[in-house]
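# Analysis of the macromolecular model
Here is how the chains run, residue by residue.
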Amino acid sequence: MIDGLSDKLRGVLKDVRGQGTMTEKNVTDALRQVRLALLEADVNFAVVKDFIAEVKKEALGEKVLLSVTPGQQFTKVVNEELTRLLGSETSELELKGSPAVIMLVGLQGSGKTTTSAKLAARLKSKGRSVLLVPADLARPAAVLQLQRLSDAIKVDCFDVAERKDPFEICKEAVRFAGAKGYDTVILDTAGRLHVDETLMGELKSIKEAVNPVESLFVADAMTGQDAVSTAKGFNEVVGLTGVILTKLDSDARGGAALSMRMTTGVPIKFVGTGEKMEALDVFHPERLAGRILGMGDVLTLVEKAQENIDEKEAVKLEQKLKKDTFTLEDFKDHLGKIKSMGSIESILSMIPGFDAAKKTKNIDVDETQLVRIEAIIDSMTPQERRNPGVLNSKRRIRIAKGSGTKVQDINKLIKQYAQMRKMMKRFTKSGMSGLKNMLSM
Ligand SMILES: Nc1nc2c(ncn2[C@@H]2O[C@H](COP(=O)(O)OP(=O)(O)OP(=O)(O)O)[C@@H](O)[C@H]2O)c(=O)[nH]1
Ligand SMILES: [Mg+2]
């Protein structure tokens, strides 16, 4: 996502940093390019204007022009202003009330149903008891879709039975949740192709009846500026407390993400980055700014790792590494955990410099490789997994046959495993600085 914008801005900043001194003229030149890049990314015109004015004011001050490292200072200013544009601070979800009611609204196909379930899974993992409510009766399959998702994530879904009216359903569901001890209710409302009066009326009356603590607008980031104007429309009538931007994994240009906060005044709370239930991230303005400017997003990466690898397992892993008993079985297990963090590519792109390296070095991320690795390890005997040293060529041929791969694949895997062991050993020895080394490799 927002690759185009990121490429361009990084290019401009690199040029600026390459210049020893800075003058009013090269600041103006650089800003002209920044402005173009933002407009091309479909960022709202007024937002761009304000942004450029702020950066210019800062950049032409003494701190930048007279500093020893004007290029770095300029980058810092752009980063700070970009962060401000995105909302400065992380906006937490409000969960007051018993039950706390969260209402999701938005246009058709924006991702409301998927996001309702993702949010439910997330809150469940934080120990909350969630009731999902299908308040979309406009489309026959809508209720079924939410039921399926709630089955998959093992969250209860309100039984709408014979009820025909979304307003009644929501009221009834919140009452039911209160009586049954659920602490959170998520309402998945119906979407429309356009903002229309019937829908707005329906949403308004639901809101008044159940008094949600959060009314979140679900916006498809792909629709850029349109998403922003629709959000404004919803905000005026329904009143929003936040925005969830979906499909940031797609080739969205970034216009929605960068204009939403300033034009609507409503914070972005989460971003959707895929179709899977785990693909919902808390929105951190400073981290997205860092990613756009090629500074990477190591914090999100570390958090994802923490969510997927629990403390006990981490300790066990560390002991294994220390005692040098980290086997191929563990290796497979470990890869499985990494896989559950998202696609390999999405994980790697959080590492500073990866996106740039990918382009210049033509790195091709092969997601099927993990499947192959699993197949290979599955075809080994327990002894081989514990001690790959015994893998002579005869055994390698047998494993290749068994796993439908080539002997080269086996050789490669053994090499990778050895490398990983070495790398991890270094990490357990040196702690944080080891992690840095790993990430910079
Ligand atoms: N790639 C990607 N796809 C998403 C994301 N969020 C939702 N989708 C997909 O977008 C499509 C529409 O999602 P829904 O959740 O059904 O959207 P909705 O807003 O409930 O749609 P209606 O109920 O018809 O108004 C589905 O195919 C989802 O899998 C996301 O963050 N990334
Ligand atoms: Mg839906």
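All of these numbers come straight from a predicted model, not from anything done at the bench. (Residues numbered from 1 in each chain as written. Chains lettered and ligands numbered in written order. Predicted model: local features only at pLDDT ≥ 70, side-chain atom pairs only at ≥ 80, totals over all residues. Heavy atoms only, no water.)

This paragraph deals with the nonpolar core. One finds Phe74, Phe234, Leu245 and Leu258 to be the most contacted residues of the largest nonpolar core, which totals 76 residues. Taken domain by domain, the makeup of this core includes at least three residues from each of domain 1 (3-85) and domain 2 (100-295). Once residues lying within four places of it in the same chain are set aside, the contact partners of Phe74 are Leu13, Val16, Met22, Val27, Ala30, Leu31, Val55, Ala59 and Val64. (Core = buried A, V, L, I, M, F, W, Y, C linked by side-chain atoms within 4.5 Å. Buried < 20%, exposed > 50% of the residue type's maximum accessible area, 1.4 Å probe, protein only. Domains from an automatic or database assignment. Contact = heavy atoms within 4.5 Å.)

What surrounds ligand 1 is a group of 20 residues, the closest being Lys112, Thr113, Thr114, Asp249 and Glu275. Contact between ligand 1 and Gly111: an oxygen atom at 2.9 Å from a main-chain N or O atom of the residue. Lys112 places a side-chain nitrogen or oxygen 2.7 Å from an oxygen atom of ligand 1. Taken by itself ligand 1 offers 650 Å² of open surface, and the protein chains cover 81% of this. A total of 4 residues in the shell around ligand 1 trace back to one element, the largest contributor, which is helix α6 (residues 112-125). Looking at the shell around ligand 1, its residues break down into 1 nonpolar, 12 polar and 7 charged. (Near = heavy atom within 4 Å. Polar contact = N/O pair within 3.5 Å; in protein donor to acceptor, adjacent residues only side chain to side chain. Areas by Shrake-Rupley, 256 points an atom, 1.4 Å probe, with all protein chains shown as cover. Helix = DSSP H or I, 4+ residues; strand = E, 2+ residues; numbered from the N terminus. Nonpolar A, V, L, I, M, F, W, Y, C, P; charged D, E, K, R; others polar.)

On to the sheet that holds strand β6 (residues 242-246), then. Ordered by their spatial adjacency, 8 strands build an open sheet running β3-β2-β4-β1-β5-β6-β7-β8, and the pairing between neighbours is mixed. Each of the sheet's edge strands pairs with one partner strand only, and the pair in question is β3 (156-157) and β8 (280-282). Packing of helix α8 (residues 166-180) onto the sheet brings it into contact with β1 (100-105), β2 (130-135) and β4 (184-189), and relative to β2 it is tilted by some 170°. Lying on the sheet, helix α11 (residues 255-264) is in contact with β5 (214-220), β6 and β7 (268-272); it crosses β6 at an angle near 175°. (Pairing = 2+ DSSP bridges. Axes fitted to C-alpha atoms, helices over the stretch in contact; angles between N-to-C directions.)

This part is about the packing of aromatic side chains. For any two aromatic rings, the description comes down to two numbers: the centre-to-centre distance and the angle of the planes. In the structure shown here, the tally under the stated rule is 3 aromatic pairs. Ring centres of Phe217 and Phe234 lie 5.0 Å apart, and the angle between their planes is 50°; this geometry places the pair in the tilted category. Of this pair, Phe217 sits in strand β5 while Phe234 is found in helix α10 (residues 225-237), placing the two residues 17 residues apart along the sequence. Among the aromatic side chains, those forming a connected cluster through ring pairs are Phe158, Phe176 and Tyr182. (Phe/Tyr/Trp six-rings, centres within 6.5 Å; stacked < 30°, edge-to-face > 60°.)

Let's shift gears to helix α2 (residues 24-40). Between the first and last C-alpha of α2 there are 24 Å, a value that for 17 residues agrees with the 24 Å anticipated at 1.5 Å per step. Among the residues of α2, Asn26, Val27, Ala30, Leu31, Val34, Ala37 and Leu38 are the ones counted as buried. Summarising the axial view, the buried residues of α2 lie within an arc of 135°, below the 170-degree limit, and thus occupy one face. Along α2, exposed side chains directed more than 90 degrees from the buried face belong to Glu24 and Lys25. On its buried side, α2 packs onto α1 (3-18), α3 (45-59), α4 (62-65), α5 (70-85) and α11. A positive phi of about 70° marks Asp42, the residue just after α2. (Expected span 1.5 Å × (residues − 1). Arc of directions from axis to C-beta.)

Right, let's get into the pairing of β2. Moving residue by residue along a regular strand, the side chains alternate between the two faces of the sheet. The element β2 is largely enclosed, with a buried count of 6 among its 6 residues. The alternating pattern of β2 places Val130, Leu132 and Pro134 and Leu131, Val133 and Ala135 on opposite faces, both of which are buried. Examined bridge by bridge, β2 and β4 share 6 bridges and lie parallel to one another. Residue pairing in the sheet places Val130 in a bridge with Thr184 of β4. Taken together, the 2 bridges between β2 and β3 define a ladder with parallel strand orientation. Counterpart to Leu131 in the pairing with β3 is Asp156. Note on the crossover from β2 through helix α7 (residues 140-153) to β3: the handedness is right-handed. (Right-handed = clockwise from strand over helix to strand, strands pointing away.)

Attention now goes to the side chain of Thr83. As for its position among the elements, Thr83 is in helix α5. Take Thr83: its relative accessible area is 11%, and that puts it in the buried class.

Glancing now at the packing of α5 against α11. Remark: α5 packs on α11, axes separated minimally by 8 Å, with the N-to-C direction vectors making an angle of 65°. In contact with Leu82, Arg84 and Leu85 of α5, α11 contributes Leu258, Arg261 and Met262. Each residue belonging to the contact of α5 with α11 can be placed in one class, and the counts come to 4 nonpolar, no polar and 2 charged.

Another aspect to go through is unusual backbone geometry. A cis amide bond, omega 0°, links Ser98 with the succeeding residue Pro99. Within the secondary structure, Pro99 sits in the loop between α5 and β1. We note that Asp42 has phi near 70°; this positive angle belongs to a residue other than glycine. Relative to the elements of secondary structure, Asp42 occurs in the loop between α2 and α3. A positive phi angle, near 60°, is found at Ser88, a position not held by glycine. Position of Ser88 relative to the elements: it lies in the loop between α5 and β1.

Working definition: two side chains of opposite charge can pair if their charged atoms are close together. In the structure shown here, the tally under the stated rule is 17 salt bridges. The salt bridge involving Lys8 is made with Glu40; its shortest N-O contact spans 2.6 Å. Here the residue Lys8 occupies a position in helix α1, and Glu40 occupies one in helix α2, the gap between them amounting to 32 residues. Under the relative-accessibility criterion, Lys8 is labelled partly exposed at 41%. You can call Glu40 partly exposed: its relative accessible area is 40%. The salt bridge partner of Glu214 is Lys269, with a shortest N-O separation of 2.7 Å. One end of the pair, Glu214, is in strand β5; the other, Lys269, is in strand β7, with 55 residues separating them in the sequence. Summarising the burial analysis for this pair, Glu214 and Lys269 share the class buried. Shared partners join several salt bridges into a network, and the residues in it are Lys25, Asp29 and Arg32. (Salt bridge = Lys/Arg side-chain N within 4 Å of Asp/Glu carboxyl O.)

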